[in-house]
Amino acid sequence: MLEKIKTFLEKNGHSAEIIDSRIITTHKFNEFVIRIAGKFFLEGKLWFSLPELYLLERGKYGSLAHVSWDEKDEGLICGGVSENRHIDYEQLDEVYLLALNKAIETIKSLLIDKDKNEKEILEEFSAHWNFSVSSKTKNKVISFLEPSNEILELTSYVSNDDKFKDSVIFYRTDEKNLNPNYSFFKRLKSKNRGNRDRSLYLPIEQPVLPPAPNESILQWWFRLVENLPTTIREDLENQILKKTNKVFWILSSVHLGQNKHSWFCLKFERKNKSYLPLSVNCKTEGWNAFAYNVIIHNKEYIKPRGGAEKGLDDITVAIIGCGSVGGEIAKQLASAGIGKLMLIDHDSLNVENIYRHTLSSQYIGYDKVKSLSHFLKTNYPYLKVEYLFSFLKIFLEKDYLNSVDGVIVATGNPTEERFFNNELIKRDKRPWVVYTWVEGHGIGGHAIYVHPTGEGCLSCLYRDMYGNKSLNSIQNFLDSEQDIAINIAGCGTHFLPYSFIDAIQSATLATRLTLEALNNQLSKSSRISWKGVVPPDFKLKTTYRYKNFKKSLEIESLFWEGCDVCNF
Ligand SMILES: [Zn+2]
Ligand SMILES: [Zn+2]
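Remember, predicted model here, so these are calculated numbers, not experimental data.

Rules and cut-offs
Residues numbered from 1 in each chain as written. Chains lettered and ligands numbered in written order. Predicted model: local features only at pLDDT ≥ 70, side-chain atom pairs only at ≥ 80, totals over all residues. Heavy atoms only, no water. Helix = DSSP H or I, 4+ residues; strand = E, 2+ residues; numbered from the N terminus. Rg over C-alpha atoms; globule rule 2.2 N^0.38 Å. Buried < 20%, exposed > 50% of the residue type's maximum accessible area, 1.4 Å probe, protein only. Contact = heavy atoms within 4.5 Å. Lys, Arg positive; Asp, Glu negative; His and termini not counted. Charge placed at Lys NZ, Arg CZ, Asp CG, Glu CD. Domains from an automatic or database assignment. Buried area = accessible area lost by both parts, 1.4 Å probe. Salt bridge = Lys/Arg side-chain N within 4 Å of Asp/Glu carboxyl O. Polar contact = N/O pair within 3.5 Å; in protein donor to acceptor, adjacent residues only side chain to side chain. Nonpolar A, V, L, I, M, F, W, Y, C, P; charged D, E, K, R; others polar. Donors = N, O, S within 2.8 Å, 3.2 Å for Na, K, Ca; no water. Pairing = 2+ DSSP bridges. Right-handed = clockwise from strand over helix to strand, strands pointing away. Axes fitted to C-alpha atoms, helices over the stretch in contact; angles between N-to-C directions. Tetrahedral: all angles 85-135°; square planar, octahedral: opposite > 155°, others 65-115°. Patch = residues over 30% accessible without salt bridge, like charges linked within 9 Å, V, L, I, M, F, W, Y side chains within 5 Å. Areas by Shrake-Rupley, 256 points an atom, 1.4 Å probe, with all protein chains shown as cover. Phe/Tyr/Trp six-rings, centres within 6.5 Å; stacked < 30°, edge-to-face > 60°. Lys NZ or Arg CZ within 6 Å of the ring centre and 35° of its normal.

A. Fine view of the overall build of the protein chain. When you go through the protein chain residue by residue, the secondary structure sums to 14 helices and 23 strands. Compactness check: the protein chain gives a C-alpha radius of gyration of 32 Å against a globular reference of 24 Å for 568 residues, more than 25% above the reference. Each principal axis of the C-alpha distribution contributes one length, and for the protein chain these read about 85 × 65 × 45 Å. Looking at the 568 residues of the protein chain, the share that counts as buried comes to 49%. Considering only residue pairs separated by 6 or more positions, the protein chain has 65% of its internal contacts joining residues 24 or more positions apart. One finds the centroid of the 72 positive side-chain charges in the protein chain at a distance of 3 Å from the centroid of its 71 negative side-chain charges.

Here is the structure:
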């Protein structure tokens, strides 16, 4: 195969040779001569990746964007994202040529255009930093800090956790921005071995060039300190002069642009205590410096990286009713990145709730709101949760409405919901409201959105197909003139049968309307349904709407002109 590729490359004007199962090609442009070594990853597998191409004699080119370095003086040339390209096994020679030409183009543009090279290195600070991290410093650094613009005292400990053994964990000594319930943080903290090393956070507002190949970390540190703004440098000096140390950690973030920082960590070590040197003129002998990568655990990084929606940080949504539908909505909104949830419910988790409730059996017997708050804070580090163990009516009376951006009502009680709707419509200023409910037997579920100013409300649905007012919602799929509950053991043991999937599908509709409302995509009151099938073993009567409904998951208009609540 290598011979075939070599011949093909030569046919295309490259000079190529094979040394140690690698293809070495030589390329000339301007005053430069570069050599590239490449191979496909064979190792008993199929070729799932593009060929790896290395720039030989890497050291002599100094700092170069998109090219790594290592002890062998070879640099892997970055080929960009390869996930969306696929490899044609029949034509490996062409694949090789394509990758090679791209690599040559990359190197050429960087060597010829020094400004472009420098700009791109600044942008990929973390990738370059990685090259300076010695393979000997295997233990990781995990930081729970948000970027700040001042020097901060940090607390650190060494983890004894199974999966993060010997990792060094950093957080602000004042514990600001930390959610103590968050399970990952709790787990690391509960297995900590303590650490008396001194550590500081150092903010870097101007982009800096990462260490060049062959530049020592200590040299680079002096270069970094020299370029700090005077105030920060003086503050750093004052901090350093407080104490002599044997080990000193500097955790730092480089500001790359709006809401974008690169993090790095330095460890300084010495046999005997001394002041950390800040320039070559200090007492530097005996000090060793090492570069560490940082596992960043902060809001700025985690939320966008995990797919949370932008701009929801300052949003508060109330969820009234935290049963299987409301609980699921809470979880979905947390995943969407909502800043704060307010939960209202007056029930505790029962044995009967297991299987379709978001909460697991560990919460049986506890209030749903308190349990849900605990569950959410445990899993979503940057979510705020407040709760009220009470009724919808109390929520309304206590003026909580003014402190929320929107309300979701998922009590499953139409009387309560209509009361809420009719109360709200009277007010001049009200938040948007989403109502959602499940129909039994897997027949369907619904969500409606009531616009905070426009026409349309929950009561618009209480009409029949001829346009007369009705006691039943026209949205429903099950005929109201039948008994749809299941009776287990007589009076008081009736229940409406529906599964977790019915609850989740309905919750998803409510979440969707909520997110569209928050993103200003809903200009008027709307409604949406999902339609299931009639189970064969029940004699259920369905409505006219059910029989003719073909708009599952489509958003339709809600307003009815005959509504005497919102249109009088
Ligand atoms: Zn790259
Ligand atoms: Zn209405």
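B. Summary view of the domain arrangement of the protein chain. Its domain assignment divides the protein chain into domain 1 (2-123), domain 2 (141-303) and domain 3 (313-557). On the domain 2 side, the residues contacting the nine residues of domain 1 number nine residues. Both sides together, the interface formed by domain 1 and domain 2 hides about 690 Å², and carbon and sulfur atoms give 73% of it. When the buried area of domain 1 at its contact with domain 2 is split by residue, Trp-69, Ile-121 and Leu-122 rank highest and sum to 60% of it. Summed over the shared surface of domain 1 and domain 2, the result is zero salt bridges. Scanning the region where domain 1 abuts domain 2 turns up zero residue pairs in polar contact (both at pLDDT 80 or more). By residue class, the composition of the side of domain 1 that touches domain 2 is three nonpolar, three polar and three charged.

C. Layout of the coordination of the zinc ion (ligand 1). Listed as protein donors to the zinc ion (ligand 1) are His-66 (ND1) and Cys-78 (SG); their distances from the metal cover 2.2 to 2.4 Å. Note that His-66 is positioned in the loop between strand 4 (52-56) and strand 5 (74-76) and Cys-78 in the loop between strand 5 and helix 2 (92-112), a separation of 12 residues in sequence. Given the relative accessible area of 23%, His-66 is considered partly exposed. Note on Cys-78: relative accessible area 37%, which makes it partly exposed.

D. The pairing of strand 14 (residues 316-320), seen in detail. With five of its five residues buried, strand 14 lies for the most part within the structure. Burial along strand 14 is two-sided: Thr-316, Ala-318 and Ile-320 and Val-317 and Ile-319, pointing in opposite directions, are all buried. Sheet topology places strand 14 next to strand 15 (residues 340-345); five bridges connect them, and they run parallel. Counterpart to Thr-316 in the pairing with strand 15 is Lys-340. Handedness of the strand 14-helix 9 (residues 324-336)-strand 15 crossover: right-handed.

E. View of the sheet that holds strand 4. Spatially, five strands are ordered 1-2-3-4-5 in an open sheet, and the strand pairing comes out antiparallel. Taken across any chain shown, the strands that pair with only one partner, and hence form the sheet edges, are strand 1 (15-19) and strand 5. Going across the sheet, the axis of each strand differs from the next one's by a mean of 30°, ignoring polarity. Set on the sheet, helix 1 (residues 2-11) makes contact with strand 1 and strand 2 (22-29); between it and strand 1 the angle comes to about 165°.

F. Layout of the coordination of the zinc ion (ligand 2). Only Cys-457 (SG), Cys-460 (SG), Cys-563 (SG) and Cys-566 (SG) from the protein reach the zinc ion (ligand 2) as donors, at distances of 2.3 to 2.4 Å. Between the four donor atoms coordinating the zinc ion (ligand 2), the angles at the centre fall across 97 to 127°, so the site counts as tetrahedral. Within one chain, the residues donating to the zinc ion (ligand 2) are spaced in sequence as C-x2-C-x102-C-x2-C. Of the two residues, Cys-460 sits in the loop between strand 19 (444-450) and strand 20 (486-487) while Cys-563 sits in the segment after strand 23 (556-557), which places them 103 residues apart along the sequence. The burial state of Cys-460 is the same as that of Cys-563; both residues are buried.

G. Here's a closer look at a positive patch on the surface. Positive charge collects at one region of the surface, where Arg-196, Lys-242, Lys-243, Lys-246 and Lys-273 lie side by side. Looking at the secondary structure, you find Arg-196 in the loop between helix 5 (183-190) and strand 9 (198-204). According to the relative accessible area criterion, Arg-196 is exposed, its value standing at 86%.

H. Layout of the side chain of Arg-270. With respect to the helices and strands, Arg-270 occurs in strand 11 (residues 260-274). Within the buried core, Arg-270 has no salt-bridge partner, and the shortest N-O distance to an opposite charge, that of Glu-285, equals 5.2 Å. Within the structure, the side chain of Arg-270 is placed 3.0 Å from the backbone oxygen of Asn-272, a separation counted as a polar contact. Within the structure, the side chain of Arg-270 is placed 3.3 Å from the backbone oxygen of Glu-285, a separation counted as a polar contact.

I. Examining the sheet that holds strand 12 (residues 288-292) more closely. Spatially, eight strands are ordered 12-11-10-9-7-8-6-13 in an open sheet, and the strand pairing comes out mixed. This sheet does not close on itself; its edge strands, each paired only once, are strand 12 and strand 13 (294-296). Taking the axes of each pair of neighbouring strands and ignoring which way they run, one obtains an average angle of 30° across the sheet. Across two bridges, strand 7 (residues 152-158) lies against strand 9 in antiparallel orientation. Within the sheet, the bridge partner assigned to Leu-152 lies in strand 9 and is Tyr-201. Sheet strands in contact with helix 7 (residues 230-241) are strand 7, strand 9 and strand 10 (245-257), and its direction is about 180° off that of strand 9.

J. Quick look at a nonpolar patch on the surface. Judged by side-chain polarity, Met-465, Tyr-466 and Tyr-544 come together as a nonpolar surface patch covering roughly 410 Å² of accessible area. Along the chain, the position of Tyr-544 falls in helix 14 (residues 544-548). Overall, Tyr-544 belongs to the exposed group, its relative accessible area being 51%.

K. Broad picture of the pattern of salt bridges. Counted by the stated rule, this structure contains 23 salt bridges. A salt bridge links Lys-6 to Glu-10; its shortest N-O distance comes to 3.4 Å. Of this pair, Lys-6 and Glu-10 both sit in helix 1, four residues apart, which is roughly one turn of that helix. Of the residues examined, Glu-10 reaches a relative accessible area of 37% and is grouped as partly exposed.

L. Structural context of the packing of aromatic side chains. All chains considered together, the criterion is met by 22 aromatic pairs. Look at Phe-29 and Phe-32: their rings are 5.9 Å apart centre to centre, the planes differ by 45°, and that puts the pair in the tilted class. Each of the two residues, Phe-29 as well as Phe-32, counts as buried. Residue placement shows Arg-356 over the ring face of Tyr-498; its charged tip is 3.8 Å from the ring centre.

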